[in-house]
Amino acid sequence: MSNKMWGGRFTERPDAIMEEINVSIDVDRHLYAQDIAASKAHAAMLAAQGIITANDAKNIGKGLDTILSEIAKGSFDFKRALEDIHMNVESRLGELIGPASGRLHTARSRNDQVATDFRLYVRDVIDQTDAALAAFQYALVERALEHAGTVMPGFTHLQTAQPVTFGHHLLAYVEMAGRDRGRFADARKRLNESPLGAAALAGTSFPIDRHATAKALGFDRPMANSLDAVSDRDFVLETLSAAAIASVHLSRFAEEIVIWTSPLVGLVRLSDKFTSGSSIMPQKRNPDAAELVRAKTGRVIGALTALLIVMKGLPLAYQKDMQEDKQGAMEAFSALSLAIRAMTGMVLDLVPDQARMKLAAGEGYATATDLADWLVRTLKMPFRDAHHVTGRIVAEASKAGIALHELSLQAMQAVEPRITRDALAVLSVESSVKSRTSFGGTAPKNVLAQAKAWLKRLEKERKLG
């Protein structure tokens, strides 16, 4: 029996294992809206170019709308025997409108069809991701405004370094998310070219108008080389790369939340909304949402790595290997979407322990740099000498088992006689953060200004839609 899709060349059915490895409908069914949109644009163009009749194009359009409605309602019967979304739609179209359905595939191939569908899908994902990241930024900015002056320890090497403000720390992630959005926007610009009309690999002899279909689908232009059009997956790789970097940012923040919520640290608390308990230890409150955000990063990075490996040895043009481009990417984009929404929820939910933060900010002689700066500023001491003097003073405080601001003036003067009582005023954590007024510094007035600037920018974006 001849395969109805392959025509007369094949006379036997494929082996069951061949059917199983070849089928992709379980994954590419998610492209149904994009597939139907591209088919409608293609049919309209064929009619405009006189390649098919206007009546056939009209019937094709109506049939495709019916199929779109059936899939949206859940009444469409996806058939694995038909392999993919393209064949499933075409087969159903034939049932609805008859032989005219066979004219739809004129001047195109599944190669340019799937490349077009997936570009449209990834473009939609980018737009949705950008909106989610904007909401994440908005939540961070709101909390930064609330805590512009809330002092907390800043860390390097996970050791107490210098006091910062909680608002300043949150704004660091606003900046990261801004760069993430920029990467997604760049990827969108580069992917926004249409493969439709490249056909299998060489173009077509029919007088098609690729500029018309590109415009109808919201692309900036058609892709310039037919070989590249059907075989390129840069647009997925680049978007997955942006997704991987964004996931790493979320994971870093998630790790901090895990550390901060530990009773050993106790800088912030999460409510029941974003924590879980233990099946055996009734006292436990586990930051599972943050831990899962941290873990989902592996799924996103893994998808990027997997597709790079798929593509690395493929000659031009289309190869069946590329069928593996969708499942991992779709799962990764879904994981990223969930992670962004979870982190946004946690940002709005977390409650900082301001007293504990302030106390921790002063531990580990965190204001030692402020003393060194005072020596440079007031005594005109070279910074390297000031660093050495301050180190000796810190050693004296450590030997006495007291905080730096608790060390007596006499003890400091024993190390550097020119130190005056004025130096003691710079040793509080409040004074430390207030003094960091350089651009991008942690001074509360800086944090307020930056948060307000971000808020204005985000609200402007919302208004522009």
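That block above? That's the structure.
The notes below deal with the structure included here.

### Some words on the overall build of the protein chain
And step 1. Broken down by element type, the protein chain carries 18 helices and six strands.
And step 2. In terms of overall size, the protein chain is more extended than a compact globule, its C-alpha atoms giving a radius of gyration of 30 Å where 465 residues would be expected to give roughly 23 Å.
And step 3. Principal-axis analysis of the C-alpha atoms gives the protein chain an extent of 100 × 50 × 40 Å.
And step 4. Considering the protein chain as a whole, with its 465 residues, one finds that 47% of them fall into the buried category.
And step 5. Residue pairs in contact within the protein chain that sit at least 24 positions apart in sequence constitute 75% of those at least 6 positions apart.
And step 6. A total accessible area of about 22900 Å² is found for the protein chain, and carbon and sulfur atoms account for 54% of it.
And step 7. Side chains of the protein chain give 57 positive and 54 negative charges; the mean places of these two sets differ by 5 Å.

### Thoughts on a nonpolar patch on the surface
And step 1. Together, Leu201, Leu227 and Leu316 give the surface a local cluster of nonpolar side chains, amounting to about 260 Å² of exposed area.
And step 2. One can find Leu227 in helix H9 (residues 226-231).
And step 3. On the basis of relative accessible area, Leu227 is assigned to the partly exposed category, the value being 31%.

### Comments concerning the side chain of Thr275
And step 1. Mapped onto the fold, Thr275 is located in the loop between strand E5 (268-269) and helix H11 (288-311).
And step 2. For Thr275, the side chain forms a polar contact with the main-chain oxygen of Ser271, separated by 2.9 Å.
And step 3. Among the polar contacts made by the side chain of Thr275, one reaches the side chain of Arg285 at a distance of 3.2 Å.
And step 4. The residues contacting Thr275, other than those within four sequence positions of it, are Leu270, Arg285, Asn286 and Pro287.

### Re unusual backbone geometry
And step 1. Going from Leu316 to Ala317, the amide bond is cis rather than trans, its omega being 5 degrees.
And step 2. Tracing the chain through its elements places Ala317 in the loop between H11 and helix H12 (327-349).
And step 3. In this structure, Tyr365 is a non-glycine residue whose phi angle is positive, near 55 degrees.
And step 4. Position of Tyr365 among the secondary structure elements: in the loop between helix H13 (354-361) and helix H14 (368-379).
And step 5. For Tyr365, a relative accessible area of 23% corresponds to the partly exposed category.

### Some thoughts on the environment of Arg92
And step 1. Structurally, Arg92 can be placed in helix H5 (residues 85-97).
And step 2. Residue classification places Arg92 among the partly exposed residues on the basis of a relative accessible area of 24%.
And step 3. Note: C-alpha distance between Arg92 and Ser408 (316 residues apart in sequence) is 87 Å.
And step 4. Within polar-contact distance, the side chain of Arg92 engages the side chain of Glu70 at 2.7 Å.
And step 5. Only 3.0 Å separates the side chain of Arg92 from the side chain of Glu95, close enough to count as a polar contact.

### Focus: the side chain of Thr297
And step 1. Structurally, the position occupied by Thr297 is in helix H11.
And step 2. The class for Thr297 is buried, based on a relative accessible area of 7%.
And step 3. With residues up to four places along the chain from it excluded, the contact list for Thr297 reads Ser247, Val248 and Ser251.

### Overview of the nonpolar core
And step 1. Of all hydrophobic cores here, the largest spans 74 residues; its most connected members are Phe118, Phe136, Leu240, Phe253, Met343 and Met346.
And step 2. Elements with a minimum of two residues in this core: helix H6 (110-146), helix H7 (166-191), helix H10 (234-261), H11, H12, H13 and helix H18 (444-464).
And step 3. It is H10 that contributes the most residues to this core, 14 residues altogether.
And step 4. Among residues more than four places away in sequence, those in contact with Leu240 are Val300, Ala303, Leu304, Leu307, Ala329, Ala332 and Phe333.

### Some points on the packing of aromatic side chains
Think of a pair of aromatic rings as described by two things: how far the centres are apart, and how the planes are tilted against each other in angle.
And step 1. All chains considered together, the criterion is met by six aromatic pairs.
And step 2. Their ring planes at 35 degrees and their centres at 6.0 Å tell us that Phe118 and Tyr121 sit as a pair that is tilted. On the criterion of helical spacing, the pair formed by Phe118 and Tyr121 is a turn pair, its members being three residues apart in helix H6.
And step 3. On the accessibility criterion, Phe118 (1% relative accessible area) is buried.
And step 4. Since its relative accessible area comes to 15%, Tyr121 is described here as buried.
And step 5. Aromatic pair Phe166 and Trp260: ring centres 6.1 Å apart, planes at 70 degrees, arrangement edge-to-face.

### A few points about the packing of helix H3 (residues 32-48) against helix H4 (residues 54-73)
And step 1. At a closest axis distance of 9 Å, the pairing of H3 and H4 adopts a crossing angle of 170 degrees. By the angle between their directions, the pair H3 and H4 is classed as roughly antiparallel. Contact with H3, carried on its side by Tyr32, Ala33, Ile36, Ser39, Lys40, Ala43 and Ala47, involves Ala54, Ala57, Ile60, Leu64, Asp65, Ile67, Leu68, Ile71 and Ala72 of H4 and no other residues of that element.
And step 2. Looking at the contact of H3 with H4, its residues break down into 13 nonpolar, one polar and two charged.

### A look at H6
And step 1. Taking 1.5 Å per residue as the helical rise, H6 with its 37 residues ought to reach 54 Å, and the 54 Å between its terminal C-alpha atoms agrees with that figure.
And step 2. With respect to burial, H6 is a largely interior element, 28 of its 37 residues being buried.
And step 3. One side-chain oxygen at the N-terminal end of H6 lies 2.9 Å from the backbone nitrogen of Asn111; it belongs to Ser109.

What counts and how
Along each chain, residue indices are assigned from 1 in the same order as the chain's sequence is written. With the structure being a predicted model, the display of local features is reserved for residues of pLDDT at least 70 and the display and counting of side-chain atom pairs for 80 or more, all residues being used for whole-chain, interface and lining totals. For side-chain calculations, the full set of non-hydrogen atoms in the structure is used, while hydrogens and water are omitted. Only runs of H or I of at least four residues qualify as helices and only runs of E of at least two qualify as strands under DSSP, and these elements are numbered from the N terminus. This radius of gyration counts C-alpha atoms alone. The globule rule is 2.2 Å times how many residues there are, raised to the power 0.38. Only protein chains enter the accessibility calculation, which uses a 1.4 Å probe; a residue whose area is less than 20% of its type maximum is buried, one above 50% is exposed, and one in between is partly exposed. Here a residue-residue contact requires only that any non-hydrogen atoms of the pair lie within 4.5 Å. Computed with a 1.4 Å probe, the accessible areas rest on the Shrake-Rupley method; for each residue, only the protein chains presented here act as cover. We treat Lys and Arg as the positive residues and Asp and Glu as the negative residues; His and chain ends play no part in the count. Each charge is placed at NZ for Lys, CZ for Arg, CG for Asp and CD for Glu. A residue counts toward a patch only above 30% relative accessible area and without a salt bridge, and it is joined to like-charged neighbours within 9 Å or, for Val, Leu, Ile, Met, Phe, Trp and Tyr, to nonpolar neighbours within 5 Å. Salt bridges are identified by distance alone: a Lys or Arg side-chain nitrogen within 4 Å of an Asp or Glu carboxyl oxygen. In the analysis that follows, any N or O atom pair within 3.5 Å is treated as a polar contact, provided that within protein one partner can donate a hydrogen and the other can accept it, and provided that, for residues neighboring in sequence, both atoms belong to side chains. What makes a nonpolar core is a set of buried Ala, Val, Leu, Ile, Met, Phe, Trp, Tyr and Cys residues whose side-chain atoms join them at distances within 4.5 Å. Each Phe, Tyr or Trp ring, with Trp reduced to its six-membered ring, pairs with another whose centre is within 6.5 Å; inter-plane angles below 30 degrees give stacked pairs, above 60 give edge-to-face pairs, and intermediate values give tilted ones. Every angle, taken between N-to-C directions, lies between 0 and 180 degrees, and every axis is a line fitted to C-alpha atoms, over only the stretch in contact when it is a helix. Throughout, the term roughly parallel applies to angles under 35 degrees, roughly antiparallel to angles over 145, roughly perpendicular to angles from 65 to 115, and oblique to all others. Each residue gets one of three labels, nonpolar for Ala, Val, Leu, Ile, Met, Phe, Trp, Tyr, Cys and Pro, charged for Asp, Glu, Lys and Arg, and polar for the others, Gly among them. Under the convention used throughout, the expected extent of a helix is 1.5 Å for every residue step, that is, one less than its residue count.

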